[in-house]
Amino acid sequence: MIRSLRKRHLNIWLIIAVFLPLGFIAAVLATPQSLDNGALDVPEKGKLLKQMTMDWGPVELRGLPDSSQVIQFKVTTAIKNAAVAVYLGKKPIDHPSYGQFLKKLDSRALYEAKLDKTWFGMTPHLLFYDPIKQEVVAKSFW
(Lines give C-alpha, C1' and ligand atoms only; values in the text may rest on other atoms or scores of the structure.)
Protein backbone atom coordinates (compact mmCIF):
# COMPACT_ATOMS: atom_id res chain seq x y z
CA MET A 1 0.00 0.00 0.00
CA ILE A 2 1.45 3.35 -0.94
CA ARG A 3 1.84 6.20 1.52
CA SER A 4 -1.21 8.22 0.36
CA LEU A 5 -3.49 5.16 0.63
CA ARG A 6 -2.17 4.37 4.11
CA LYS A 7 -2.85 7.92 5.23
CA ARG A 8 -6.39 7.84 3.75
CA HIS A 9 -7.01 4.43 5.36
CA LEU A 10 -5.93 5.78 8.76
CA ASN A 11 -8.19 8.84 8.42
CA ILE A 12 -11.20 6.74 7.44
CA TRP A 13 -10.74 4.48 10.47
CA LEU A 14 -10.47 7.51 12.76
CA ILE A 15 -13.72 8.90 11.34
CA ILE A 16 -15.45 5.52 11.74
CA ALA A 17 -14.17 5.25 15.32
CA VAL A 18 -15.89 8.54 16.17
CA PHE A 19 -19.16 8.29 14.17
CA LEU A 20 -20.00 4.63 14.73
CA PRO A 21 -20.60 4.99 18.51
CA LEU A 22 -22.42 8.30 17.94
CA GLY A 23 -24.70 6.61 15.39
CA PHE A 24 -25.39 3.75 17.80
CA ILE A 25 -26.28 6.16 20.63
CA ALA A 26 -28.56 8.18 18.29
CA ALA A 27 -30.34 4.97 17.21
CA VAL A 28 -30.95 3.91 20.81
CA LEU A 29 -32.33 7.35 21.70
CA ALA A 30 -34.56 7.43 18.59
CA THR A 31 -36.14 4.03 19.35
CA PRO A 32 -39.67 4.52 20.71
CA GLN A 33 -40.41 3.28 24.20
CA SER A 34 -42.14 -0.10 24.14
CA LEU A 35 -45.55 -0.61 25.69
CA ASP A 36 -46.08 -2.92 28.62
CA ASN A 37 -46.59 -6.53 27.68
CA GLY A 38 -50.14 -6.88 26.41
CA ALA A 39 -50.94 -3.17 26.37
CA LEU A 40 -52.89 -1.65 23.49
CA ASP A 41 -53.27 2.04 22.83
CA VAL A 42 -57.03 2.16 22.27
CA PRO A 43 -59.14 5.24 21.66
CA GLU A 44 -62.25 5.07 23.81
CA LYS A 45 -65.41 5.24 21.70
CA GLY A 46 -68.82 5.90 23.16
CA LYS A 47 -70.25 4.92 26.50
CA LEU A 48 -69.31 1.56 28.00
CA LEU A 49 -72.50 -0.50 28.27
CA LYS A 50 -71.21 -3.97 29.11
CA GLN A 51 -67.85 -5.66 29.48
CA MET A 52 -66.61 -9.21 29.83
CA THR A 53 -63.09 -10.50 30.23
CA MET A 54 -61.85 -13.42 28.19
CA ASP A 55 -58.53 -15.17 28.84
CA TRP A 56 -56.98 -13.19 25.93
CA GLY A 57 -58.41 -9.76 26.81
CA PRO A 58 -61.56 -7.68 27.38
CA VAL A 59 -64.63 -7.55 25.15
CA GLU A 60 -66.60 -4.31 25.47
CA LEU A 61 -70.03 -3.31 24.21
CA ARG A 62 -70.14 0.46 23.70
CA GLY A 63 -73.04 2.74 22.82
CA LEU A 64 -72.34 5.42 20.22
CA PRO A 65 -74.03 8.85 20.03
CA ASP A 66 -75.94 7.88 16.83
CA SER A 67 -77.86 5.12 18.72
CA SER A 68 -75.71 2.34 17.27
CA GLN A 69 -73.39 0.06 19.19
CA VAL A 70 -69.85 -1.15 18.66
CA ILE A 71 -68.22 -4.27 20.09
CA GLN A 72 -64.50 -3.93 20.79
CA PHE A 73 -62.32 -7.03 21.10
CA LYS A 74 -59.01 -6.09 22.72
CA VAL A 75 -56.75 -9.08 22.14
CA THR A 76 -53.83 -8.34 24.46
CA THR A 77 -52.33 -11.81 24.81
CA ALA A 78 -52.01 -14.63 22.33
CA ILE A 79 -55.15 -16.60 21.62
CA LYS A 80 -54.56 -20.29 22.33
CA ASN A 81 -56.59 -21.42 19.31
CA ALA A 82 -55.31 -21.03 15.75
CA ALA A 83 -58.35 -18.99 14.80
CA VAL A 84 -61.45 -17.79 16.57
CA ALA A 85 -64.56 -16.79 14.66
CA VAL A 86 -67.11 -14.65 16.49
CA TYR A 87 -70.80 -15.18 15.77
CA LEU A 88 -73.63 -12.88 16.82
CA GLY A 89 -77.16 -13.77 17.86
CA LYS A 90 -80.21 -12.11 19.40
CA LYS A 91 -80.51 -14.96 21.91
CA PRO A 92 -77.91 -17.38 23.33
CA ILE A 93 -76.55 -19.60 20.54
CA ASP A 94 -74.82 -22.96 20.75
CA HIS A 95 -73.66 -23.42 17.14
CA PRO A 96 -72.46 -20.99 14.43
CA SER A 97 -75.31 -21.96 12.11
CA TYR A 98 -77.73 -20.21 14.52
CA GLY A 99 -75.84 -16.92 14.45
CA GLN A 100 -74.43 -14.33 12.09
CA PHE A 101 -70.67 -14.19 11.44
CA LEU A 102 -69.21 -11.06 13.00
CA LYS A 103 -65.38 -11.13 13.12
CA LYS A 104 -62.33 -13.36 13.00
CA LEU A 105 -59.80 -12.90 15.79
CA ASP A 106 -56.27 -14.16 15.34
CA SER A 107 -53.46 -11.99 16.70
CA ARG A 108 -52.86 -9.23 19.24
CA ALA A 109 -54.83 -6.21 18.06
CA LEU A 110 -57.99 -4.21 18.52
CA TYR A 111 -60.95 -5.54 16.56
CA GLU A 112 -64.15 -3.54 16.24
CA ALA A 113 -67.55 -4.59 14.92
CA LYS A 114 -70.22 -1.94 14.55
CA LEU A 115 -73.80 -3.03 15.09
CA ASP A 116 -76.59 -1.16 13.33
CA LYS A 117 -79.42 0.72 15.05
CA THR A 118 -81.70 -2.34 15.14
CA TRP A 119 -79.60 -3.61 18.06
CA PHE A 120 -80.38 -0.51 20.16
CA GLY A 121 -81.46 -1.58 23.65
CA MET A 122 -80.78 -5.27 22.93
CA THR A 123 -77.99 -7.35 24.37
CA PRO A 124 -76.12 -9.19 21.63
CA HIS A 125 -75.06 -12.75 22.41
CA LEU A 126 -71.66 -13.84 21.17
CA LEU A 127 -70.32 -17.28 20.34
CA PHE A 128 -66.55 -17.76 20.03
CA TYR A 129 -65.95 -20.71 17.72
CA ASP A 130 -62.80 -22.48 16.50
CA PRO A 131 -63.53 -23.39 12.86
CA ILE A 132 -60.45 -25.64 12.59
CA LYS A 133 -61.26 -27.90 15.54
CA GLN A 134 -64.98 -27.23 15.05
CA GLU A 135 -65.62 -26.56 18.71
CA VAL A 136 -67.07 -23.77 20.81
CA VAL A 137 -64.34 -21.82 22.62
CA ALA A 138 -66.58 -19.58 24.71
CA LYS A 139 -69.97 -17.87 24.89
CA SER A 140 -70.88 -14.37 25.98
CA PHE A 141 -71.78 -13.99 29.62
CA TRP A 142 -72.97 -10.41 29.88
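These notes cover the structure that comes with them. Keep in mind that what you see is a predicted model, and the values were worked out from it rather than measured. (Residues numbered from 1 in each chain as written. Predicted model: local features only at pLDDT ≥ 70, side-chain atom pairs only at ≥ 80, totals over all residues. Heavy atoms only, no water.)

## Remarks on the pattern of salt bridges
For the record, the criterion: For salt bridges, the criterion is a side-chain nitrogen of Lys or Arg within 4 Å of an Asp or Glu carboxyl oxygen.
In total, this model carries six salt bridges according to the counting rule given. One network of salt bridges, in which partners are shared, links Glu60, Arg62 and Lys74.

## Describing the nonpolar core
Rules: Nonpolar core, defined: a set of buried Ala, Val, Leu, Ile, Met, Phe, Trp, Tyr and Cys residues in which side-chain atoms within 4.5 Å join the residues together. When a residue's accessible area, from a 1.4 Å probe over protein chains only, is under 20% of the maximum for its type it is buried; when over 50% it is exposed; and in between it is partly exposed. We call two residues contacting when some pair of their heavy atoms lies within 4.5 Å.
Residues Val59, Phe73, Leu126 and Phe128 are the most contacted members of the largest nonpolar core, which totals 22 residues. Not counting the four nearest positions on each side in its chain, Val59 is found in contact with Lys50, Gln51, Met52, Met54, Ile71, Gln72, Phe73, Leu126, Phe128 and Trp142. The next biggest cluster of nonpolar side chains, apart from the first, holds five residues, and it includes Tyr87, Ile93, Leu127 and Tyr129.

## Details of the sheet that holds strand β1 (residues 47-54)
Hydrogen bonds between backbone groups are what pair the strands of a sheet, and the pairing can be parallel or antiparallel. We count it as follows: A pair of strands is treated as paired once DSSP finds two or more bridges between them. Secondary structure elements follow DSSP: runs of H or I no shorter than four residues count as helices, runs of E no shorter than two count as strands, and numbering proceeds from the N terminus. What counts as an axis is a line fitted to C-alpha atoms, over the stretch in contact for a helix, and the angles between N-to-C directions run from 0 to 180 degrees.
Strand order in this open sheet of four strands is β1-β2-β3-β6, and the pairing throughout is antiparallel. With partners counted over all chains shown, the strands left at the sheet margins are β1 and β6 (109-115), one partner each. Each strand of the sheet is rotated relative to its neighbour by a mean of 15 degrees, with strand direction disregarded. In the sheet, strand β2 (residues 57-63) pairs with strand β3 (residues 69-75) via five bridges, with the strands oriented antiparallel. Looking at β3, one finds that Arg62 is bridged to Val70.

## Topic: the environment of Gly121
Relative to the assigned elements, Gly121 resides in the loop between β6 and β7 (125-130). Between the C-alpha atoms of Gly121 and Ser68, which are 53 residues apart in sequence, the distance is 9.4 Å.

## Some thoughts on the environment of Met54
Relative to the elements of secondary structure, Met54 occurs in strand β1. Take Met54: its relative accessible area is 10%, and that puts it in the buried class. Spatially, the C-alpha atom of Met54 lies 9.9 Å from that of Ile79, the residues being 25 residues apart in sequence. Filtering out sequence-adjacent residues up to four positions away, Met54 remains in contact with Val59, Phe128, Ala138 and Phe141.

## Thoughts on the sheet that holds strand β8 (residues 135-139)
Spatially, four strands are ordered β5-β4-β7-β8 in an open sheet, and the strand pairing comes out antiparallel. Of all strands in the sheet, those bounded by a partner on one side alone are β5 (100-105) and β8. Taken over all neighbouring pairs, the strand axes of this sheet differ in orientation by 30 degrees on average, direction set aside. Note that strand β4 (residues 84-89) and β7 share five bridges and pair antiparallel. Counterpart to Tyr87 in the pairing with β7 is Leu127.

## Concerning a nonpolar patch on the surface
Stated precisely, the cut-off is as follows: Residues enter patches when they are more than 30% accessible in relative terms and free of salt bridges; like-charged ones are connected within 9 Å and nonpolar ones (Val, Leu, Ile, Met, Phe, Trp, Tyr) within 5 Å. All accessible-area figures derive from a Shrake-Rupley calculation using a 1.4 Å probe, and residue coverage is judged against the displayed protein chains alone.
A surface patch of nonpolar side chains, about 420 Å² in accessible area, is lined by Ile12, Trp13, Ile16 and Leu20. You can call Ile12 partly exposed: its relative accessible area is 43%.

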